[in-house]
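Listed below, chain by chain, are the residues.
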Amino acid sequence: MFARRSVPPTAPAPEPAPGDPRRPAGPGVELRGVAKRFGDITAVAGADLSVPPNGRLGVVGPSGCGKSTLLSMICGLTGPDAGTIDVLGAADAPGRLARCAWMPQRDLLLPWRGVLANARIPLENQGLTRREASQRVRPLLDRFGLAEFADHRPAQLSGGMRQRVSFLRTVAADKPVLLLDEPFGALDSITRADLQDWLRAMLADEPRTVVLVTHDVEEALLLCDRVVVMSARPGRIVASVDVPPYAGTGAAARRARLADPAFIALRDSVLAHLESAR
Ligand SMILES: Nc1ncnc2c1ncn2[C@@H]1O[C@H](COP(=O)(O)OP(=O)(O)OP(=O)(O)O)[C@@H](O)[C@H]1O
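Keep in mind that this is a model prediction, so the values were computed, not measured.

**Description of the sheet that holds strand 4 (residues 82–87)**
Note on sheets: strands pair through backbone hydrogen bonds, and any given pair is parallel or antiparallel.
And then number 1: As summarised here, the arrangement of the three strands in space is 2-1-4, forming an open sheet in which the pairing is antiparallel. The open sheet has two edge strands, strand 2 (41–51) and strand 4, and neither has a second partner. Between one strand axis and the next, the sheet turns by 25° as a mean value, whatever way the strands run.
And then number 2: Bridge count for strand 1 (residues 29–38) against strand 2 is seven bridges, and the pairing is antiparallel. Bridging from a neighbouring strand, E30 pairs with S50 of strand 2.
And then number 3: Most of the contacts of helix 1 (residues 67–74) go to strand 1, to which it runs at about 120°, and overall it touches strand 1, strand 2 and strand 4.

Here's what the structure looks like:
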């Protein structure tokens, strides 16, 4: 249903210069001793995480354990109370924000803008004209099943459609780091599987550093090369599971993976960690 590439082909990109946010320098995403309190609530306690450039980390954990807070700290929108965060060589909040495309749980679509106009916001923010940004984003509408709805306002869309617009906007931002917070939670199972397949194929073609927060353990294991489990609040990393790569893309490869006894054993082990993390 969805085709593979994230952005329409353009002229080959030159190798990013040193200092360019797209150039990997050192670790992809690294957190050392990161903690965050909101008043009396300790949301995150002493988180240590390291994701190599173009690595894909899945984060699972009980509701309220601080997963979303972790993402908003990585991209610099929430300041940690303790610890350090580095994103592709940037330790300061504006530098981290420049390197990250963040898809929050709530879609934050602008109600007065249509689908296309919402999806092109990051490109407008990067200095493209509305026309140039529309040219880049429009081909993606079809791939996300939104072509007929280009001018529809968010209030005219279903929850699943709004989530697809939000996901499209995140991918279209074309940043080297994707922070995805339950990106497919509101989708029906067929569309969800389609978008998982699309994302996996896109990342195979155009690797990026990904931190994926999800309540779906299978989704984390299908899309990521490592999955960490957070404890109930205050959130700590209590388990880390390496996920062996698997060959192929698309629905057949996914189904074979889901039926693989090694995959089932991995899923059960993450679920067991989750149960003891509550
Ligand atoms: N801006 C805020 N002000 C006050 N408390 C907050 C704020 N953001 C998060 N919290 C609190 O911090 C804790 C962690 O919230 P967070 O949204 O990070 O959890 P989560 O693991 O993403 O939850 P869920 O899986 O339900 O989305 C919660 O107790 C929440 O109430």
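And the narrative resumes.
**Some thoughts on the site of the ligand**
And then number 1: Near the ligand there are 14 residues, and of these S63, G64, K67, S68 and T69 occur at the shortest range.
And then number 2: Residue C65 places a main-chain N or O atom 3.0 Å away from an oxygen atom belonging to the ligand.
And then number 3: The separation between an oxygen atom of the ligand and a polar side-chain atom of S68 is 2.7 Å.
And then number 4: For the ligand, whose accessible area on its own is 630 Å², the fraction buried by protein is 63%.
And then number 5: In terms of residues, the shell around the ligand owes the most to one element, helix 1, which gives three residues.
And then number 6: Residues of the shell around the ligand, tallied by class, amount to five nonpolar, seven polar and two charged.

**Let's talk about the pattern of salt bridges**
And then number 1: Under the definition given, this model contains 14 salt bridges.
And then number 2: Taking the shortest distance from any N to any O, the salt bridge between R113 and E124 comes out at 3.0 Å. Residue R113 is located in the loop between strand 5 (100–103) and helix 3 (115–119), and its partner E124 is located in helix 4 (residues 121–125); the two are separated by 11 residues in the primary sequence.
And then number 3: Here R113 falls in the buried class, since its relative accessible area comes to 11%.
And then number 4: For E124, a relative accessible area of 19% translates into the label buried.
And then number 5: The salt bridge partner of D174 is R136, with a shortest N-O separation of 3.9 Å. Of this pair, D174 sits in the loop between helix 6 (159–172) and strand 6 (177–181) while R136 sits in helix 5 (residues 130–143), and the two are 38 residues apart along the sequence.
And then number 6: When its relative accessible area of 22% is taken as the criterion, D174 is described as partly exposed.

**Some remarks on the pairing of strand 3 (residues 56–60)**
And then number 1: Judged by how many residues are buried, strand 3 sits mostly within the fold: five of five residues are covered.
And then number 2: By the alternation rule, side chains of strand 3 split into R56, G58 and V60 and L57 and V59, which are all buried.
And then number 3: One ladder, built from four bridges, connects strand 3 with strand 7 (residues 209–213); its direction is parallel. When the sheet's bridge partners are listed, R56 is paired in strand 7 with V210.
And then number 4: Where strand 3 lies against strand 8 (residues 226–230), four bridges are found, and the strand directions are parallel. Along strand 8, the bridge assignment pairs G58 with V227.

**Considerations on the UniProt feature "domain: ABC transporter" (unreviewed entry) in the protein chain**
And then number 1: Here, the residues flagged by UniProt with the feature "domain: ABC transporter" (unreviewed entry) are residues 29–259.
And then number 2: Overall, residues 29–259 shows 38% helix and 25% strand. The separation of its end C-alpha atoms is 32 Å.

**Things to note about the sheet that holds strand 9 (residues 237–242)**
And then number 1: Spatially, six strands are ordered 5-6-7-3-8-9 in an open sheet, and the strand pairing comes out mixed. Either end of the sheet is taken by a strand with one partner, and the two such strands are strand 5 and strand 9. Taken over all neighbouring pairs, the strand axes of this sheet differ in orientation by 15° on average, direction set aside.
And then number 2: As paired strands, strand 8 and strand 9 are joined by five bridges and run antiparallel to one another. Looking at strand 9, one finds that V228 is bridged to S240.
And then number 3: Against the sheet, helix 10 (residues 261–277) touches strand 3, strand 8 and strand 9, its axis set at about 180° to strand 9.

**Considerations on helix 9 (residues 250–259)**
And then number 1: Residues of helix 9 that are buried include every one of A253, R254 and R257, and no others. Taken around the axis of helix 9, the buried residues stretch over an arc of 100°, which confines them to a single face. Among the exposed residues of helix 9, those pointing more than 90 degrees away from its buried face are A252, R255 and A259.
And then number 2: Against the buried residues of helix 9 lie helix 7 (189–205), helix 8 (217–223) and helix 10.

What counts and how
- Residues numbered from 1 in each chain as written.
- Predicted model: local features only at pLDDT ≥ 70, side-chain atom pairs only at ≥ 80, totals over all residues.
- Heavy atoms only, no water.
- Pairing = 2+ DSSP bridges.
- Helix = DSSP H or I, 4+ residues; strand = E, 2+ residues; numbered from the N terminus.
- Axes fitted to C-alpha atoms, helices over the stretch in contact; angles between N-to-C directions.
- Contact = heavy atoms within 4.5 Å.
- Near = heavy atom within 4 Å.
- Polar contact = N/O pair within 3.5 Å; in protein donor to acceptor, adjacent residues only side chain to side chain.
- Areas by Shrake-Rupley, 256 points an atom, 1.4 Å probe, with all protein chains shown as cover.
- Nonpolar A, V, L, I, M, F, W, Y, C, P; charged D, E, K, R; others polar.
- Salt bridge = Lys/Arg side-chain N within 4 Å of Asp/Glu carboxyl O.
- Buried < 20%, exposed > 50% of the residue type's maximum accessible area, 1.4 Å probe, protein only.
- UniProt positions renumbered as here; feature names shortened; annotations may be inferred.
- Arc of directions from axis to C-beta.

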